[in-house]
Amino acid sequence: MEPINLNRLVYFAAVVDAKSFTRAADRLGITKAVVSQQVAQLERELKADLLVRTTRRVEPTEAGRLLHARCAAILREADSAVAELAQSSAEPMGLLRIAAPNDYGTCILAAVATAFSRRYPACRVDLVLADSKVDLIADQIDLSIRVGWLDDSTLQTRRIDSFRQLLIATPGLVKRVARPRELATLPFIANGALNEPLTWQFARGETEQENVQMSAALTINTTPAVLAAALAGGGLAVLPDFLIRDDLAAGRLVHILPSWTLPSGGIHAVYPAARFRAPKVTAFVAMLMEAHKRMTGPKRTR
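Residues numbered from 1 in each chain as written. Predicted model: local features only at pLDDT ≥ 70, side-chain atom pairs only at ≥ 80, totals over all residues. Heavy atoms only, no water.

Chemist: Would you explain the pattern of salt bridges in this entry?
Modeler: Close approach of charged atoms allows side chains of opposite charge to pair. For the structure on display, the rule yields eleven salt bridges. A salt bridge links arginine 97 to aspartate 126; its shortest N-O distance comes to 2.5 Å. Of this pair, arginine 97 sits in strand S3 (residues 94-100) while aspartate 126 is found in strand S4 (residues 123-129), placing the two residues 29 residues apart along the sequence. Given the relative accessible area of 8%, arginine 97 is considered buried. A salt bridge links aspartate 142 to lysine 280, with the nearest nitrogen and oxygen atoms 3.9 Å apart. (Salt bridge = Lys/Arg side-chain N within 4 Å of Asp/Glu carboxyl O. Helix = DSSP H or I, 4+ residues; strand = E, 2+ residues; numbered from the N terminus. Buried < 20%, exposed > 50% of the residue type's maximum accessible area, 1.4 Å probe, protein only.)

Shown next as structure tokens:
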């Protein structure tokens with residue numbers, strides 16, 4: 001077999017990752033025709049069908065999956081080598097792909113990413129927002145922000161901040177509640193993205209604890225939509241403080257049972273395993289931590 005043009009592996013891997021020639025071309029900053037031609041030439045050189053093309057998406061064949069698994073590792077090593085050489089550069093550059101949950105991404109990360117793009121115009125930011133966890137390697141994610149509780153101790157992480165879970169409702173929806181156990185019969189908006197959306201453990205001080213099984217009037221599988229339903233008066237809801245800070249300050253929502261607390265969580269930056277961090281990643285994390293420091297002021301609910 002004649003030596004192949006290794007540049008064609010870049011086009012092929014981009015198509016497999018994006019599941020589309022058009023999206024791959026957009027990500028690479030070239031035309032769809034160039035991507036299609038290069039992948040077709042790679043198939044001719046290898047004498048193998050690598051992709052199955054349909055009207056809606058593109059999927060790798062068995063041979064394509066085998067090649068992609070190998071070439072993805074090769075391309076990561078090449079990217080790492082180039083980034084390591086450029087690490088001394090103070091200017092972040094290239095594509096920065098960040099994964100985060102919908103609520104945190106919409107409420108906080110989008111604004112930070114906008115400010116980052118303005119500060120570092122040589123760096124492009126691609127936000128991937130989803131309430132399910134992404135595979136950092138397979139999805140070529142440079143940085144993932146995880147909100148809650150980490151369940152994998154092998155990850156390389158940095159703590160950004162913490163958050164509190166607050167039981168909230170619109171003013172007047174709950175006239176008077178003295179203890180958590182009185183909540184069980186009240187309408188509750190369950191967050192279907194959580195493992196246990198109806199079971200909540202309240203604590204007061206060092207000794208008092210009450211577990212409550214809520215009654216779901218609504219179940220919604222994204223946190224921003226839970227907030228929208230709560231603002232519409234759909235019932236009680238448990239939401240992270242960073243998402244409802246402004247609504248509490250404006251009086252659109254009220255904190256129910258403020259003397260009782262729910263388990264707090266962490267906000268962590270999660271990285272793929274690497275010997276070093278690219279300037280674009282460290283610069284973004286630094287900006288994100290600055291943003292959280294600015295938020296810890298009078299508006300932060302206590």
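Chemist: Just checking my understanding: could you explain the nonpolar core for this structure?
Modeler: Nonpolar side chains in soluble globular proteins tend to end up buried together. Core analysis: the largest hydrophobic core is formed by 42 residues, its most contacted members being Ile145, Ile168, Ile244 and Phe284. When residues of this core are assigned to their parent elements, the largest contribution, eight residues, is made by helix H8 (residues 279-295). (Core = buried A, V, L, I, M, F, W, Y, C linked by side-chain atoms within 4.5 Å.)

Chemist: Would you explain the sheet that holds S4 in this entry?
Modeler: The strands that make up a sheet pair up through hydrogen bonds in the backbone, lying either parallel or antiparallel. Ordered in space as S4-S3-S5-S14-S6, the five strands form an open sheet in which the pairing is mixed. Of all strands in the sheet, those bounded by a partner on one side alone are S4 and strand S6 (156-163). Between one strand axis and the next, the sheet turns through 20 degrees on average, direction left out of account. When S3 meets strand S5 (residues 143-148), the two strands line up parallel, connected through two bridges. Bridging from a neighbouring strand, alanine 99 pairs with serine 144 of S5. Sitting on the sheet, H8 touches S3, S4, S5, S6 and strand S14 (265-271), and the angle it makes with S6 is about 15 degrees. (Pairing = 2+ DSSP bridges. Axes fitted to C-alpha atoms, helices over the stretch in contact; angles between N-to-C directions. Contact = heavy atoms within 4.5 Å.)

Chemist: Sorry if this is basic, but what is going on with the packing of helix H1 (residues 7-18) against helix H2 (residues 21-28) here?
Modeler: A pair of packed helices is characterised by two quantities: the angle between their axes and the separation of those axes. The interhelical angle for the contact between H1 and H2, taken along N-to-C directions, is 120 degrees, at an axis separation of 8 Å. One element, H1, and the other, H2, form an angle in the oblique class. When you trace H1 past H2, the crossing you get is right-handed. Contact residues: H1 offers Val10, Tyr11, Ala14, Val15, Asp17 and Ala18, while H2 offers Phe21, Arg23, Ala24, Arg27 and Leu28. In the contact of H1 with H2, the residues fall into eight nonpolar, no polar and three charged. (Parallel < 35°, antiparallel > 145°, perpendicular 65-115°, else oblique. Left-handed = near helix turned anticlockwise from the far one by under 90°. Nonpolar A, V, L, I, M, F, W, Y, C, P; charged D, E, K, R; others polar.)

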